[in-house]
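# Structural description and commentary
What follows is the residue order along each chain.
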Amino acid sequence: MSEKVQDFISKINKAYDGGVCELGGKFKALKLRRFSSGILSLDCALGGGWPFGRIAVVAGEYSTGKTLIALKAIEQVEQYDHNTKLHVSQVDPDKFSAGRALFIDLEGSFDLEWAVSNGFNADHHVVARPEYAEQAVDIVTDAIRQDLFDLIVVDSLANMTPTTEIEESTESWQMGLAARLINKAMRRWNASLNRMSQDADGAGPLLLCLNQFRLKIGVMYGDPRTLPGGKGQEFCSSIILYTKSPKIEDGEDKETAFVEMGGTTHKNKTYVPKLNYSFKMSLKDQTDWSAGEVDNLKQLLKLGKQSGAIIIEKNKVICGEVVTKTQKELVAILSADDDAMQSLWDDVLQRMIG
C-alpha cells in the first residue's frame, strides 16, 4: 500500500473517530445474526430468519397477516440474548439477557388479548402509542441509539400523520409531507443502524415496518399497487415482504376456524429474493389447536421430507436418531419434546438454505 493511501486512511479515521476506513481485506464484515420468525416456511424464505440490525418492510392488503407476523417475531426475539444476539441454547444461562421488543402502535389498534395469544409477554415488551408522526420518529431513533431493544415494530407507516396535517384545516393540502418525513426518518434510522454495525458486537435491533398497499390512479399496465410513505422505505430496507390475501377454512363446527396465509420476499438483500412462504393458523381455541397457533409441525414434516432430514422407508420413518414406524408417531414425539422439535427445525433450515 502506498504512503499516500495510508495517509488518507489515517486522516479519515482520525477525523471520524476510527473504524470508518480500512483496506478491504481488513475491514470487519457485518455480523448478520438472525432470529426465527416463528414460522418455518418464512424462515426458509428469509434465509434463516429475520436479520438483526436491518430495516424490513411487511406490506399487503388489510387482514393479510402483517401484524401477526410482527407478533410472532416479538415472541421469538425473547429467545435471543440481547448482548450477543445468539439463541438461548448457545448462551451461558447466567449471562443470558432476554431480547426485548418495542411496538409503536400508530394505528391505535394493538389488541393485548390477541397479542398474548400469539406469545406476547406483556410484562417484558414495551408498547408506545404516539400522537403524531414526528413523535414516533423520535421514539424509534432514541430506541435505536440507546440499544435498549432487539426488535422495533412500527405499525404502520401508512398511519404516520405529521403534526401539520393534524393542526391545520382540512381544507389545506400538504402535498408529499408524510412521504418527505418518512424518507427522512428512514435515512436517520439507517444511519443509526449502520453506526451500530461498526461496534464490537456489530448488531442492532431489527426495525420491522408495516405498511398497506394503495392503488395508483390511471394505471392500465403493470402493477397498480404502491406503498404510501415515499420511496425511502424501498431503498433503505434490506427486506420487503409482500403478503397475500388469506384463504379461509371452516372448522368442524362450520365456523371460521383456520386461515391460510402466505406471501413473497419481494426484496431481500440478505438472501435470495422472490421466494414464497405459506402457513395455516387457527383463529380460535379448539380441540387440537389454540388461538394463534401455526401449523409448524405440518411444515416440519413437509420440508423435512423435501430436504432429506426425514427419510421414509417401507416400514419406518427416520428422523436423525429418532426412528418410528409411522409419521403419526413421529409427530407425537415432536409435539411432546420441544428440544427434538427445535433440533429438527434447525436441521431442516440448514438443509433448505445451505
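Residues numbered from 1 in each chain as written. Predicted model: local features only at pLDDT ≥ 70, side-chain atom pairs only at ≥ 80, totals over all residues. Heavy atoms only, no water.

## A look at unusual backbone geometry
Here Asp155 and Ser156 are connected by a cis peptide whose omega angle stands at 5 degrees. For Ser156, the position within the fold is in the loop between β6 (151-155) and α6 (163-167). Its identity as a non-glycine residue notwithstanding, Lys274 has a phi of 60 degrees, on the positive side. Of note, Lys274 is situated in the loop between β12 (256-268) and β13 (276-282). Residue classification places Lys274 among the exposed residues on the basis of a relative accessible area of 51%. (Helix = DSSP H or I, 4+ residues; strand = E, 2+ residues; numbered from the N terminus. Buried < 20%, exposed > 50% of the residue type's maximum accessible area, 1.4 Å probe, protein only.)

## Side note on the packing of aromatic side chains
Under the counting rule described, the total for this entry stands at eight aromatic pairs. Consider the rings of Phe110 and Phe120, whose centres lie 5.3 Å apart with planes at 65 degrees: the pair is edge-to-face. Taken together, the residues span a long stretch of sequence, with Phe110 in the loop between β4 (101-105) and α4 (112-117) and Phe120 in the loop between α4 and β5 (126-128) at a distance of ten residues. For the pair shown, Phe110 and Phe120 are each scored as buried. Considering the side-chain rings of Tyr277 and Phe279, the 6.4 Å spacing of their centres and the 15 degrees angle between planes classify their relative orientation as stacked. Take Tyr277: its relative accessible area is 5%, and that puts it in the buried class. A network of ring pairs unites the aromatic residues Phe35, Phe52 and Tyr80 as a single cluster. Across the ring face of Phe52, the terminal group of Lys85 is positioned such that the distance to the ring centre comes to 5.5 Å. (Phe/Tyr/Trp six-rings, centres within 6.5 Å; stacked < 30°, edge-to-face > 60°. Lys NZ or Arg CZ within 6 Å of the ring centre and 35° of its normal.)

## A look at the sheet that holds strand β15 (residues 317-319)
With antiparallel pairing, three strands are arranged side by side in an open sheet as β14-β15-β16. Each of the sheet's edge strands pairs with one partner strand only, and the pair in question is β14 (310-312) and β16 (322-324). For this sheet, the mean angle separating the axes of adjacent strands, direction not counted, is 15 degrees. Of the pairings in the sheet, the one linking β15 to β16 comprises three bridges and is antiparallel in character. By the bridge assignment for β16, Cys319 is matched with Val322. Together, β14, β15 and β16 form the strand contacts of helix α10 (residues 327-336), whose direction differs from that of β16 by roughly 140 degrees. (Pairing = 2+ DSSP bridges. Axes fitted to C-alpha atoms, helices over the stretch in contact; angles between N-to-C directions. Contact = heavy atoms within 4.5 Å.)

Everything listed here is a matter of geometry and, on its own, says nothing about what the molecule does.
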